[in-house]
Amino acid sequence: MTATRAALAARATRAPRPAWMEKPRPLTQAAKALALVTVVLLVCVPFLVILSTSLASTDEVVANGGWVLWPQDPTLKAYRDILDGGIVTHALGVSAGVTVIGTLLSLACTIGLAYALSRPGTFGRKPVLLLVLFTFLFPPGMIPSFLLVKGLGLLDTYASLVLPVLINVFNLVVLRGFFQSVPEELYEAARLDGAGEWRVLVSIVLPLSKAALAVVGLFYAVAYWNSWFYASLYLESDHWPLQQVLRTYVVAGSGLTDITTGEGTVTAPQTVQMAVLVIATVPILLVYPFLQKYFTKGVLTGAIKS
Amino acid sequence: MDVALHERRDQRAEKPAQDPEKLARPARKRFNGWALALLMLPGLAYFLLFHYGALVGNVIAFKDYVPFDGMWGSQWTGLANFQRMFGDSDFWAAVLNTLWIAVLQIVFYFPVPLALAVLLHTLTWSTVRRFVQSVAYLPHFISWVIVVALFQQVLGDTGLVNGYLGDAGLHTVDIIGNPDAFKPLVVAQVIWKDAGWGTIIFLAALSQVDEQQYEAAAIDGAGPWRRFWHVTLPAIRPVVVLLLIMRLGDILSVGFEQMLLQRDAVGPEAAEIIDTFVYYQGIVGGDYGFAAAAGLFKGVIGALLVFAANKVAHRLGEQGVYK
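The structure presented is a predicted model; accordingly, all values stated were derived computationally and were not measured.

### Topic: the overall build of chain B
Of the regular secondary structure elements, chain B holds 16 helices and two strands. Going through the 323 residues of chain B one by one, you find that 37% of them count as buried. In chain B, 63% of the contacts between residues at least 6 apart in sequence involve partners at least 24 apart.

The structure is reproduced here in structure tokens:
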């Protein structure tokens, strides 16, 4: 009986109010609820507007003056138009490719450096660590970086979206901190069993750091997916990723080229613009629950505190 | 970031690990060292090339850079670029805009995550709390391109808000593309995007507050407000002070991408900041040496400010960003 009650209590999500705490007043509760609902609506309504508008028919959007909160007659026409080849389809492929390859490369290099910097025996560990952390204090600046990328012949290559931002110091520090928290005894035991550093890293440290690797990997992926400035800086328009296409056709409202075919001089209809916005947002929404899962594990809290 | 803490942990870990190892198998130890160095190589090469290699490029701030002559072939001009910059009213307008937006952010953005965190912390119903947290963190992961587009859709001439105001027969608001409304707008965008995310650090600090202190205060007759004032605030003050100092140290940076995306719509008088000034002078205008000088100026002053902020943090007994 008591066991059942305890189990029930454990399942209930509402923590019991401590004995010393006053009973909440209805007015306070109402004010709190109002504040929370406002926060949720402020975040959600803009997304709802773009989603609804992208699903509405062009006539309905025009009749309503540019936006729709709830489409009368939902249609996927806008999505079919932009995913039927053309600029957006190509840009989507570029974004996906850069995100996947960039994330893998970044993760591999960050793991290597973070692991080496976390182990006591590494040759030149202290100076390298200082070298890395100094870049955080003094970034090289936009013009020298641009001239370097140009000088290396990386202009108008996809590598220019990845190599100049290969390692993020913050992610490196997070991962290094995590590697350091692996108990020293495990290293000892592995070494006594004759495992080299490579073996220790692959069979012991990485499996133990799954949560941190997931977070850092997702951070990289989100950064690559969201990046547009480097594309505008380094790439010709026929190589643009999705965010840069979005910037040109939706934010700047450029109507020079038809967004669906790449020909003509028609401004893209509002429904199509909103559909591009939705497509650029959806991958973030898809990975977000996974990111969220690790917030609760305190990975990020610990990382951000440091 | 937290070098001090990690270093200390290292030293503790180092002692027992190294000594028996050295005695037993010195050759193995050295091999491991080289294996680790090899593992480190790609990352190190990245930092050397794309940070330190690029850093060297700042020499063109002291040259009359002509792309044809290259970085080393161009003529040295000493401090001419800097002199021109200090005499350029557009540059000072950009500096002023930067500082003005940063101050607005500190006054209007900074308290929002704190207030939201306190509100979330008082929720005892964890399902609701987690749901609101999930929703509030989300905009942090949305790109600036999308955030700016969303604001256009909601607040623009043909947007949601003006649609409702128009239908209700009220005055419509002129926000998007209006230079006078630009600075409040960018602060609102920062609040929308990052206030939820900003609660994380405050929530972590709030969860560290000793529950018994609340109980003791309540037994002594302190109501919710007095408990907040005398228990909660003093407990999270170090975090608040630290974040404030760090923001002040970073005062020359105010959302480059955010400004660049909207500068053309409102004009440089309202939206030019130091970073966009560098971009338009250098990348757009081709005046590389001059732009590099402005960038270098920002970098040096920025580093000094971070350094000073860190000193102040230590003076106040806080840990700071580095030791």
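### Regarding the overall build of chain A
A count of helices and strands for chain A gives 16 helices and zero strands. At a minimum sequence separation of 6, the contacts of chain A that also span at least 24 residues come to 70%.

### Some words on the interface of chain B and chain A
Reports often express the size of an interface as the amount of accessible area lost when the parts come together. Between chain B and chain A, the contact holds 83 residues from the first and 85 residues from the second. No other element matches helix H2 (residues 26-56) of chain B, which puts 19 residues into the side of chain B that touches chain A. Of the residues contributing to the side of chain B that touches chain A, the split by class is 54 nonpolar, 21 polar and eight charged.

### A closer look at the domain arrangement of chain A
All names here are of chain A. Taken domain by domain, chain A comprises domain 1 (27-75) and domain 2 (87-305). Taken together, the elements giving at least two residues each to the side of domain 1 that touches domain 2 come down to helix H2 (26-55) and helix H3 (58-64). With four residues, the top contributor of residues to the side of domain 1 that touches domain 2 is H2. Here the residues of the side of domain 1 that touches domain 2 are counted per class, giving four nonpolar, four polar and no charged.

### Looking at the nonpolar core
Side chains of a nonpolar character, in soluble globular proteins, are inclined to be buried together. Within the largest apolar cluster, 147 residues are counted, with the highest numbers of intra-cluster contacts made by A:Leu246, A:Val276 and B:Ala294. Broken down by element, the residue count for this core peaks at twelve residues, all from helix H5 (residues 87-118) of chain A. The contacts of A:Leu246, once residues within four sequence positions are left out, are A:Val251, A:Val276, A:Leu277, A:Ala280, B:Val145 and B:Ala149. Core analysis: the second largest hydrophobic core is formed by five residues, B:Ile245, B:Val306, B:Ala309 and B:Ala313 among them.

### Observations regarding helix H9 (residues 160-167) of chain B
Where H9(B) is concerned, the buried positions are B:Leu160, B:Asn162 and B:Gly163. In this fold, the buried residues of H9(B) make contact with H2 of chain A together with helix H8 (144-155) of chain B. Once H9(B) ends, the next one or two residues include B:Gly169, with phi positive near 75°.

### Topic: unusual backbone geometry
Of note, A:Asp156 is a non-glycine position whose phi angle comes to about 60°, a positive value. For A:Asp156, the position within the fold is in the loop between helix H7 (142-151) and helix H8 (159-162).

### Looking at the environment of B:Ala195
All names here are of chain B. Within the secondary structure, Ala195 sits in helix H10 (residues 182-207). When the C-alpha positions of Ala195 and Leu116 are compared, they lie 8.0 Å apart, and in sequence the two are 79 residues distant. Ala195 has contacts with Tyr109, Val112, Pro113 and Leu116, leaving out every residue within four places of it along the chain.

### Section: the confidence of the model for chain A
Residues and elements named next belong to chain A. Of the residues in chain A, 86% reach a pLDDT of 70 or more, and the chain-wide mean stands at 84. At the low end of the mean pLDDT range in chain A sits helix H16 (residues 299-305), at 48; at the high end sits H8, at 96. In the model, residues 301-306 has pLDDT below 50 throughout and makes twelve contacts with residues more than four positions away in sequence or in other chains.

### A closer look at helix H15 (residues 274-284) of chain B
Along H15(B), eight of the eleven residues are buried, which leaves the element largely enclosed by surrounding structure. Where H15(B) is concerned, the buried positions are B:Ile274, B:Asp275, B:Thr276, B:Phe277, B:Val278, B:Tyr279, B:Gln281 and B:Gly282. Here the buried face of H15(B) lies against H7 of chain A together with helix H5 (89-109), helix H13 (256-266) and helix H16 (288-315) of chain B. Directly after H15(B), the chain includes B:Gly286, whose backbone phi takes a positive value near 75°.

### Re the packing of helix H14 (residues 242-251) of chain A against H8(B)
Here H14(A) crosses H8(B) at 20°, and the two axes come no closer than 9 Å. Overall, the two elements H14(A) and H8(B) adopt an arrangement that is roughly parallel. Taken as a pair, H14(A) and H8(B) cross one another with a handedness that is left-handed. The segment H14(A) lies against H8(B), with A:Gln243, A:Leu246, A:Arg247, A:Val250 and A:Val251 engaging B:Val145, B:Val148 and B:Ala149. When grouped by side-chain class, the residues that make up the contact of H14(A) with H8(B) number six nonpolar, one polar and one charged.

### A few points about the environment of A:Ala280
Considering the arrangement of structural elements, one finds A:Ala280 in helix H15 (residues 270-296). Classification of A:Ala280 by C-beta neighbours within 10 Å gives buried; the count is 27. As a C-alpha pair, A:Ala280 and A:Leu242 span 38 residues in sequence and 6.8 Å in three-dimensional space. Dropping the residues within four chain positions of it, A:Ala280 is found in contact with A:Leu242, A:Gln243, A:Leu246 and B:Ile146.

### Things to note about the domain arrangement of chain B
Splitting chain B by domain gives domain 1 (16-61) and domain 2 (80-315). The gap between the C-alpha centroids of domain 1 of chain B and domain 2 of chain B is 37 Å.

### Focus on the confidence of the model for chain B
Residue and element names in this part refer to chain B. The share of residues in chain B with pLDDT of 70 or more is 88%, and the mean pLDDT across the chain is 86. Here residues 1-30 scores under 50 on pLDDT; set against residues more than four positions off or in separate chains, the count is 27 contacts. Quick note on the complex model: pTM equals 0.87, ipTM equals 0.87.

### Overview of the packing of H13(B) against H15(B)
Helix packing for two helices is described by the angle between their axes and how far apart those axes are. All names here are of chain B. Between H13 and H15, whose axes approach to 9 Å, the crossing angle comes to 60°. One finds that H13 runs oblique with respect to H15. The handedness of the crossing between H13 and H15 is right-handed. In this structure, H13 uses Phe256, Met259, Leu260 and Arg263 to contact H15, whose residues at the interface are Asp275, Thr276 and Tyr279. Looking at the contact of H13 with H15, its residues break down into four nonpolar, one polar and two charged.

Calculation rules
- Residues numbered from 1 in each chain as written.
- Chains lettered and ligands numbered in written order.
- Predicted model: local features only at pLDDT ≥ 70, side-chain atom pairs only at ≥ 80, totals over all residues.
- Helix = DSSP H or I, 4+ residues; strand = E, 2+ residues; numbered from the N terminus.
- Buried ≥ 20, exposed ≤ 12 C-beta atoms within 10 Å, placed from the backbone.
- Contact = placed C-beta atoms within 7 Å.
- Nonpolar A, V, L, I, M, F, W, Y, C, P; charged D, E, K, R; others polar.
- Domains from an automatic or database assignment.
- Core = buried A, V, L, I, M, F, W, Y, C linked by C-beta atoms within 7 Å.
- pLDDT = per-residue confidence, 0-100.
- Axes fitted to C-alpha atoms, helices over the stretch in contact; angles between N-to-C directions.
- Parallel < 35°, antiparallel > 145°, perpendicular 65-115°, else oblique.
- Left-handed = near helix turned anticlockwise from the far one by under 90°.

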